[in-house]
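Structural characterization, general
Spelled out, the chains give:
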Amino acid sequence: MTKKNQIQIFNDKKVRTVWDSEKEEWYFSVVDVVAVLTDSDDYQTARNYWKVLKNRLNAEGNETVTNCNQLKLKAQD
């Protein structure tokens, strides 16, 4: 699997991505996307927001959120 790490810019915010050339799919950092959608400048705030949202979705029986560990991506800095 060939990976291409890249930073995408959306509304002047950085979103970490990885390209999988075998599947021809982009993978996005959920925490970075949450930071964009919530207009949060702090990584920890976006991470906590995602954590709470994920727990609420699981409590409601939503199975779209899998129980897996975080994947490694390069830090924004």
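Our subject is the structure listed above.
Computed from a predicted model, the values in this text were never measured in an experiment.

**What about the packing of helix H1 (residues 30-37) against helix H2 (residues 43-59)?**
At a minimum axis distance of 8 Å, the contact between H1 and H2 shows a crossing angle of 100°. Compared by their axis directions, H1 and H2 come out roughly perpendicular. Where H1 abuts H2, its residues Val30, Val31, Asp32, Val34 and Ala35 lie against Tyr43, Ala46, Arg47, Tyr49 and Trp50. Looking at side-chain class alone, the contact of H1 with H2 contains 8 nonpolar, no polar and 2 charged residues.

**Things to note about the pairing of strand S3 (residues 25-28)**
For strand S2 (residues 13-20) and S3, the ladder comprises 4 bridges, and the chain directions are antiparallel. The partner of threonine 17 across the bridge, within S3, is phenylalanine 28. The loop that links S2 with its antiparallel partner S3 comprises 4 residues; one of these, glutamate 24, has a positive phi angle of about 55°.

**So, the pattern of salt bridges**
Evaluated as defined, the whole model comprises 3 salt bridges. Lysine 13 is the salt-bridge partner of aspartate 41, the closest N and O atoms lying 2.8 Å from each other. Residue aspartate 41 is located in the loop between H1 and H2, and its partner lysine 13 is located in strand S2; the two are separated by 28 residues in the primary sequence. Between aspartate 32 and arginine 16 there is a salt bridge; the shortest N-O distance is 2.8 Å.

**A closer look at unusual backbone geometry**
As a rule of thumb, non-glycine residues mostly have phi less than zero, and peptide bonds are mostly trans rather than cis. Phi angles above zero are rare outside glycine, and glutamate 24 is one such case at about 55°. Here glutamate 24 lies in the loop between S2 and S3. Accessibility expressed as a relative area gives 60% for glutamate 24, which makes it exposed. Positive phi is not limited to glycine here, since aspartate 39 has a value of about 55°. Tracing the chain through its elements places aspartate 39 in the loop between H1 and H2.

**So, H1**
Of the positions making up H1, those classed as buried are Val31, Asp32, Val34, Ala35 and Val36. Immediately beyond the C-terminal end of H1, within one or two residues, lies aspartate 39, with a positive phi of roughly 55°.

**A short note on a nonpolar patch on the surface**
On the surface, a cluster of nonpolar side chains totalling about 400 Å² of accessible area is made up of Trp26, Phe28, Val33 and Leu37. When contributions to the nonpolar patch are tallied by element, the ones reaching two or more residues are S3 and H1. Mapping phenylalanine 28 onto the fold places it in strand S3. For phenylalanine 28, a relative accessible area of 47% puts it in the partly exposed group.

Rules of the game
Residues numbered from 1 in each chain as written. Predicted model: local features only at pLDDT ≥ 70, side-chain atom pairs only at ≥ 80, totals over all residues. Heavy atoms only, no water. Axes fitted to C-alpha atoms, helices over the stretch in contact; angles between N-to-C directions. Helix = DSSP H or I, 4+ residues; strand = E, 2+ residues; numbered from the N terminus. Parallel < 35°, antiparallel > 145°, perpendicular 65-115°, else oblique. Contact = heavy atoms within 4.5 Å. Nonpolar A, V, L, I, M, F, W, Y, C, P; charged D, E, K, R; others polar. Pairing = 2+ DSSP bridges. Salt bridge = Lys/Arg side-chain N within 4 Å of Asp/Glu carboxyl O. Buried < 20%, exposed > 50% of the residue type's maximum accessible area, 1.4 Å probe, protein only. Patch = residues over 30% accessible without salt bridge, like charges linked within 9 Å, V, L, I, M, F, W, Y side chains within 5 Å. Areas by Shrake-Rupley, 256 points an atom, 1.4 Å probe, with all protein chains shown as cover.

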